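Structure assessment
Given next are the chains, with one letter for each unit.
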Amino acid sequence: MSDLMQTFPVKRIIEHGPGVKSFYFDRMTDAVAGQFVNVWLPGIDEKPYSVSALGEDWLEISVKAYGVFSGAMMKLKVGDLVGIRGPFGKGFTFRDNALIIGGGIGIAPLRILARELSERNFRFVSLLGAATAHEVIFVDDFRRRSSNCYVTTDDGTLGKKGLVTDDLLEIIKKEKIEFVYAAGPEIMFVKIKELIDPLGIAYEFCLERYMKCGIGICGQCTLDGSGIRLCVEGPVLNQDDLKAVTELGLPHRDASGRRV
Amino acid sequence: MSQVKFLNLKLKNPTVLASGILGLTASSMKRVVEFGGAGAVTTKSFNIEWRKGHKNPSILPFRHGLLNAVGLSNPGIDEMVKEIRLFRRQCDAPIFASVFGRTIDEFAEVTRLTVEAEPDLIEVNISCPNVHSEFGQPFGNSCEDTAKITEIVKKNAGDIPVSIKLGPHGPGVARLARVCEEHGADAITAINTVGPGMLIDIEVRKPILSNKTGGVSGPAILPIAVKSVYEVYKAVNIPIIGTGGVTVPEDAVQMILAGATLIGIGTGVYYQGIDVFKKIEQGVREYLDRHGFKSIEEIRGGAHE
């Protein structure tokens, strides 16, 4: 693959439920779990999305309708041309006896991580949460690959009613967890960090910021305190990277660079 | 040996982060100095009110450089003043504030307010080639507007030196540089991105940039930048920040031989990483050693007769 923009037709679409879809393209690139591609909808905009799975000959990205761009993604049909460049960034490292925590559409980059861990015969436990049942995407895949899979939903339509962080410490203890992966809303990272920092468990979080270039030059996604460029040195950061970051949990910078 | 004097400033080396690259926040610019090795940094261009800029795609690599139409997005002067102050508290390297205005009056106001942050230099961006749809032709395409802006910025800049950033277009960079010097500019930054240019996706059959056109940077424009610096050096006596396509030390040496005092590096970060400044500084030093020169001054403008 390359940094240059190229367009590819949508090959297949899965609808998980209202406003949540996965899109399939011919596999144009390798990617490791946590890496992302910039997706261009001609005439609309370009946004970064995690690669959520790779097959022999296909690449998958998974999207939740949220704003203008993701709303336009929902209207894509098979055969429509979509620009893709990447993959960009640094992905997850692979660890044994890990807990995978996914919040909402943050489950997407963890799906490819779960595959990579199981291919290496690493033991891991999944803890997935979302607003409602259909947003816990590919839950069967996680159940099959994990030694145990815990699910929470805000409305109680799947698994336990509540948040992924409610029983986090109990699960870590019971499952003898040695490493934590997480992807999801930033408030979830803040809470996880607060809970597990005292335990001294190492972790990797897959963060999000507004991005323009994807190639480490525009400075739009640099994190205060550290100067880390999330598109190059991230989007996956570990506990050491995060020590210098002073903006975890703050409102993100928008296209102008203001925090809003 | 790499130390260089520029106006009233002493830089530990002649490399400068060019405007528009990694210059949005103090943390980012600090990393460019501490890890990257830059001798000085330039902020992203800003004006009074925040701007979202153009939609994405706004920055696109192609085989010989980058095409960008970021559209002068910035968080507005209040935020940028805060970031410049924060940088100055945390970092010893000089910081250049890159300013622009939609009108000539706005150049005066943005300069007046920027002075409060006490940057080491105010760089005046009158040559951005990707905002035609909103602003019309850049001010830097007209000698008359260039004269007016230089004068008004100088009047409002107090003791802070002013460099005017020129493009290779319009009436010619040498003529424009002379106008700047005559109206009080302390330095010239040459050049801005070139163009505008365009890239088309051949499957969708439409321009890829949301703005359709954008400025070209990177290796593709090095010869245009070297020639511009060469001409400006002949035309004026004020120092030059030579910018455009510098990716490897040999490019920087060319710029110095053409007459540059400082070397702006932006797109080079894409090709060589943040430590491109360190790499170029070392390479220039090795060049001087190899040829028995003791300082950069000995070769500055050396390509002229």
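For the structure itself, look to the data block above.
Reading guide: rules and limits
- Residues numbered from 1 in each chain as written.
- Chains lettered and ligands numbered in written order.
- Predicted model: local features only at pLDDT ≥ 70, side-chain atom pairs only at ≥ 80, totals over all residues.
- Heavy atoms only, no water.
- Pairing = 2+ DSSP bridges.
- Helix = DSSP H or I, 4+ residues; strand = E, 2+ residues; numbered from the N terminus.
- Axes fitted to C-alpha atoms, helices over the stretch in contact; angles between N-to-C directions.
- Contact = heavy atoms within 4.5 Å.
- Buried area = accessible area lost by both parts, 1.4 Å probe.
- Salt bridge = Lys/Arg side-chain N within 4 Å of Asp/Glu carboxyl O.
- Polar contact = N/O pair within 3.5 Å; in protein donor to acceptor, adjacent residues only side chain to side chain.
- Nonpolar A, V, L, I, M, F, W, Y, C, P; charged D, E, K, R; others polar.
- 1 Å grid on protein atoms, 1.4 Å probe; cavity = no way out; pocket = protein on both sides within 12 Å on 5 of 7 lines; lining within 4 Å.
- Points joined across faces, edges and corners; volume = space filled by probe spheres on them.

**Observations regarding the sheet that holds strand S6 (residues 65-68) of chain B**
Residues and elements named next belong to chain B. Taking strand neighbours across the sheet as the criterion, the four strands line up as S5-S6-S14-S11 in an open arrangement whose pairing is antiparallel. Taken across any chain shown, the strands that pair with only one partner, and hence form the sheet edges, are strand S5 (59-62) and strand S11 (194-198). Sheet twist, expressed as the average angle between the axes of neighbouring strands with direction ignored, equals 35°. Inspection of the sheet shows S11 paired to strand S14 (residues 213-217) by three bridges, in the antiparallel sense. Residue Gly197 lies in a different strand from S14, and its bridge partner there is Gly214.

**Focus: the interface of chain B and chain A**
Between chain B and chain A, the residue contacts involve 34 residues of the former and 37 residues of the latter. Together chain B and chain A conceal approximately 3000 Å² of surface at their shared face, both sides included; 60% is due to carbon and sulfur atoms. The three residues of chain B that bury the most area against chain A are Arg31, Asn56 and Ile59 of chain B, which together make up 20% of that side's buried surface. Salt-bridge contacts for Arg31 of chain B lead to Glu233 of chain A; the nearest nitrogen and oxygen are separated by 3.1 Å. Where chain B touches chain A, the interface holds twelve residue pairs in polar contact (both at pLDDT 80 or more). Of the residues forming the side of chain B that touches chain A, the biggest block, four residues, is contributed by S5 of chain B. By residue class, the composition of the side of chain B that touches chain A is 18 nonpolar, eight polar and eight charged.

**Digging into empty space enclosed by the protein**
Residues and elements named next belong to chain B. On inspection of all chains with the given rule, the structure shows five cavities of 30 Å³ or more. Taken as a whole, the largest cavity spans an internal volume of roughly 520 Å³. Secondary-structure elements contributing two or more residues to the lining of the largest cavity are S6 and strand S16 (262-265). Taken together, the residues that form the lining of the largest cavity break down as 14 nonpolar, 18 polar and two charged. Approximately 130 Å³ is the volume found for the second largest cavity. Taken together, 14 residues make up the lining of the second largest cavity; nearest its centre are Gly101, Val131, Phe135, Pro138 and Phe139.

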